[in-house]
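Structural overview
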Amino acid sequence: MTRPTFAKAPHLDVDSILADPSIHIVVCTGAGGVGKTTTAAALGLRAAEMGRNVCVLTIDPAKRLAQAMGLSSLDNTPRMVPGICAPDGSGSLFAMMLDMKRTFDEVVESHADPVRAQQILTNPFYQALSSSFAGTQEYMAMEKLGQLRVRAQAEGTWDLIVVDTPPSRNALDFLDAPARLGSFLDGRFIRILTVPARGAGKGIGRLAAMGFGFFTNVLNKILGAQVLADLGTFVAAIDTTFGGFRERADETYALLKDPGTSFVVVAAPERDALREAAYFVERLRTDDMPLSGLVLNRVQDVIDPEFTSEQAASGAQLLTELAGDADTKNAQEARLTAALLTLHAQRMNLAARQRHLADRFTAAHPGVAVSSVPALAEDVHDLDGLRTIGSLLARAR
Amino acid sequence: MTEKLWPDVSLHVVSGKGGTGKTTVAAAMALALARDGRRTLLVEVEGRQGIAQLFDTPPLPYEERKVAVAPGGGEVWALAIDTQEALLDYLESFYNLKRAGSALRRMGAVDFATTIAPGLRDVLLTGKAVEVVRRADKGAHDAYDAVVLDAPPTGRIAKFLNVNSEISGLAKVGPIRNHADLVMGVIASPKTAVHLVTLLEEMPVQETIDGVAELRAANLPVGGVIVNMTRPPVLTEDQMASAIGGDLPADAIRRSLKRCGLGAHEDEIVPALIREAEDHAQRVALEDREMVRIRDLALPTFVLPLLPGGIDLGGLYELAEILTEGGVR
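Below, the structure is looked at part by part. What you see is a predicted model, and the numbers here were worked out from it, not measured in a lab.

Let's shift gears to the packing of helix H16 (residues 329-364) of chain A against helix H13 (residues 266-295) of chain B. Two numbers describe a pair of packed helices, the interaxial angle and the distance between the axes. Running from N to C, H16(A) and H13(B) cross one another at 80°; their axes reach a closest spacing of 9 Å. Taken together, H16(A) and H13(B) sit at an angle that is classed as roughly perpendicular. Contacts between H16(A) and H13(B) pair A:Leu340, A:Leu341, A:Leu343, A:His344 and A:Arg347 from the former with B:Leu273, B:Glu276, B:Ala277, B:Asp279 and B:His280 from the latter. Grouping the constituent residues of the contact of H16(A) with H13(B) by class yields five nonpolar, two polar and three charged.

What follows is the structure, encoded as structure tokens:
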């Protein structure tokens, strides 16, 4: 089989990334529905079977992919994946699914005394914030990555963490969400809201004196007194226990910028997915993030590239005309062959369109290395499926 | 032509797993519903500017713009809802507080409300769509016959639409709660239908099935399923069976290739064609299994073709035509 090649792009050498002992984090990112989670899992398995001790952090895996890695429940703890075949028995693979709320709860529990923690955990505002998707999932994914990294360094459990990013509205959200949440919690808005709690009752009066009266009035009018009170309590509780959300966000951000991190942008050869990938590549460049390259999933492969779609299509047309409506053996054979030639022509056309899109990406981002994975007939159900994808990812040109 | 589906629906919500083409389907639906002199609004909430790309117009501002004419003289308008603008809009129309907006922005409150505060963003987005829908009841001059919402993906759709439950944990009474109730009054009513777009692949079909269950559990009105990007059958059933069984007649193919002048490279071509056919037949068999799972949902189902040249305006009209035939009009 001739593999799909994107001649204009340098080749992404996946194995040299996975084998590089100085790489400790691989982040797979890209638009929704392009096979990000599968790519993360396949890279993790391949690294483990090359002898590394790997933990794969997935955000929202499809049921069967989770089963393929032996994950049956979302318990927020890395579980060992059985059935890893490393050459000298040295590698290992752990996998976990992120439980966003549980992660947030743990952060609270580890930073507050039990009474204060209870106060926060039962606050309606906290409950909504910790189970909402708007920014929290991104923040918690990064928080969990930070935690795993700390644990890996302290206990020597893992030397490589492969993380899949949340299915964000756009792929950039996860880079920005931590800083946004951090800057919000450290920001002026919060300081105003926490004044009542700190001032023990004198808050509103002090606010008025400070000229913020109109501001609280506005909030009261929009949110209602009860919401404002809950928000105030929540913010005060979280403020006094955490102090430094921004600091944590900055640490996570620094971790991502570290040369020990490798970003892999995942896309499919479709206009929207590649546009999103292009945005992401530009953003990583702007932020000096270590981009390794692009994985292009679901690429139509070509079995015989010399045999063009034009040849096949004209052959099919001729055979269809020859066969007409006749019911002879000859005519049946011609119709069958015409159908097969039509399939080949369609396949070549699709491959050409995909190549055009990929070349356009490469023209705009010439330095970005690409590895392409052919479209497979079925989804991945087991480790063997992941292994196949891993070896397709790693093929040399 | 089949009978008209969803005659009382004025808000069509279109969701689907990422990559299934939900923006394209939403646009085709807006075109179908605008036929014969009607006026529809296509609304986008994710800040992607997907509508502008699809209709080949400059990026849409937070303002209703005409983007296309429908067969028979209808009009499709489009609106890209920007959350921050929607918040200021909301403050102005409900509290007459537009001036406070800039102060709130300086305080970081606008950022908070639109990006971090759980549920608030969704209330604003759905709230704006519902405001447009309600214009028709009020007989406003800028009312639309139907509103099509290009909504967040299936995994988040029930949560996105069910703003009431998000907000109820936060606000049991008060203005935000009243607003959420108003929004839910339209969304969870027979005026709304939520349509899910899928491909005939395992993961999107599973998400569709889960999505339908989730929507039903949240008492949200489920509309139809749109199976997108399907390919017409090339092989007959018998040919398919032999392709899957690996017993396509190589000699017969070789003979035919000679007859159409492709005999020269038969040694490479014949095995390639057979492998491609086997691959194709496997894929079609998988698609058939997935189609059965979609049919089992017993919802109105539309099957849209993969447009060979990619999506352009002409392609959108073609898809709209199929939806119209199927009862979307």
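Before going further, it helps to examine helix H11 (residues 237-245) of chain B. Every buried residue of H11(B) is accounted for by B:Gln239, B:Met240, B:Ser242 and B:Ala243. Down the axis, H11(B) shows its buried residues gathered within 170° of arc, on one side only. Opposite its buried face, H11(B) presents the exposed residues B:Glu237, B:Asp238, B:Ala241 and B:Gly245, each directed more than 90 degrees away. Packed against the buried residues of H11(B) are H16 of chain A together with H13 of chain B. A positive phi of about 75° marks B:Gly246, the residue just after H11(B).

With that settled, the discussion passes to the interface of chain B and chain A. Counting residues at the interface gives 62 residues for chain B, matched by 67 residues for chain A. With both sides pooled, the region where chain B packs onto chain A buries about 6200 Å², and carbon together with sulfur makes up 63% of that total. Here chain B is connected to chain A by four salt bridges. One salt bridge in this structure joins B:Arg48 and A:Glu276, with 3.5 Å as the shortest N-O distance. Sort the elements by how many residues they give to the side of chain B that touches chain A and H13(B) lands first, with 13 residues.

What follows concerns the side chain of A:Asp105. Residues and elements named next belong to chain A. Inspection of the secondary structure puts Asp105 in helix H4 (residues 100-111). On the accessibility criterion, Asp105 (10% relative accessible area) is buried. Leave out the neighbours within four places in its chain, and Asp105 touches Leu121 and Tyr126.

Residue and element names in this part refer to chain B. At their nearest, the axes of helix H3 (residues 83-95) and helix H6 (residues 120-138) sit 9 Å apart, and the two run at 75° to each other. The pairing of H3 with H6 is recorded here as roughly perpendicular in orientation. Contact with H3, carried on its side by Thr83, Ala86, Leu87, Asp89 and Tyr90, involves Arg121, Leu124, Leu125 and Lys128 of H6 and no other residues of that element. Its residues assigned to classes, the contact of H3 with H6 shows five nonpolar, one polar and three charged.

Pairing between side chains becomes possible if they bear opposite charge and their charged atoms approach one another. Under the criterion given, the structure shown has 39 salt bridges over all chains. When the shortest N-O distance is used, the salt bridge between A:Arg151 and A:Glu155 registers 3.4 Å. Note that A:Arg151 and A:Glu155 are positioned in helix H7 (residues 136-155) at a spacing of four residues, about one turn of the helix. Overall, the relative accessible area of 34% leaves A:Arg151 in the partly exposed class. For A:Glu155, a relative accessible area of 53% translates into the label exposed. Of the charged contacts in the structure, one is a salt bridge between B:Glu266 and B:Lys258, with a shortest N-O distance of 3.0 Å. Judged by its relative accessible area of 12%, B:Glu266 falls in the buried class. The class for B:Lys258 is exposed, based on a relative accessible area of 53%. Each member of the salt-bridge network shares a partner with another, and the members are A:Lys101, A:Arg102, A:Asp105, A:Glu106, A:Glu109 and A:Lys144.

About the cut-offs
- Residues numbered from 1 in each chain as written.
- Chains lettered and ligands numbered in written order.
- Predicted model: local features only at pLDDT ≥ 70, side-chain atom pairs only at ≥ 80, totals over all residues.
- Heavy atoms only, no water.
- Axes fitted to C-alpha atoms, helices over the stretch in contact; angles between N-to-C directions.
- Helix = DSSP H or I, 4+ residues; strand = E, 2+ residues; numbered from the N terminus.
- Parallel < 35°, antiparallel > 145°, perpendicular 65-115°, else oblique.
- Contact = heavy atoms within 4.5 Å.
- Nonpolar A, V, L, I, M, F, W, Y, C, P; charged D, E, K, R; others polar.
- Buried < 20%, exposed > 50% of the residue type's maximum accessible area, 1.4 Å probe, protein only.
- Arc of directions from axis to C-beta.
- Buried area = accessible area lost by both parts, 1.4 Å probe.
- Salt bridge = Lys/Arg side-chain N within 4 Å of Asp/Glu carboxyl O.

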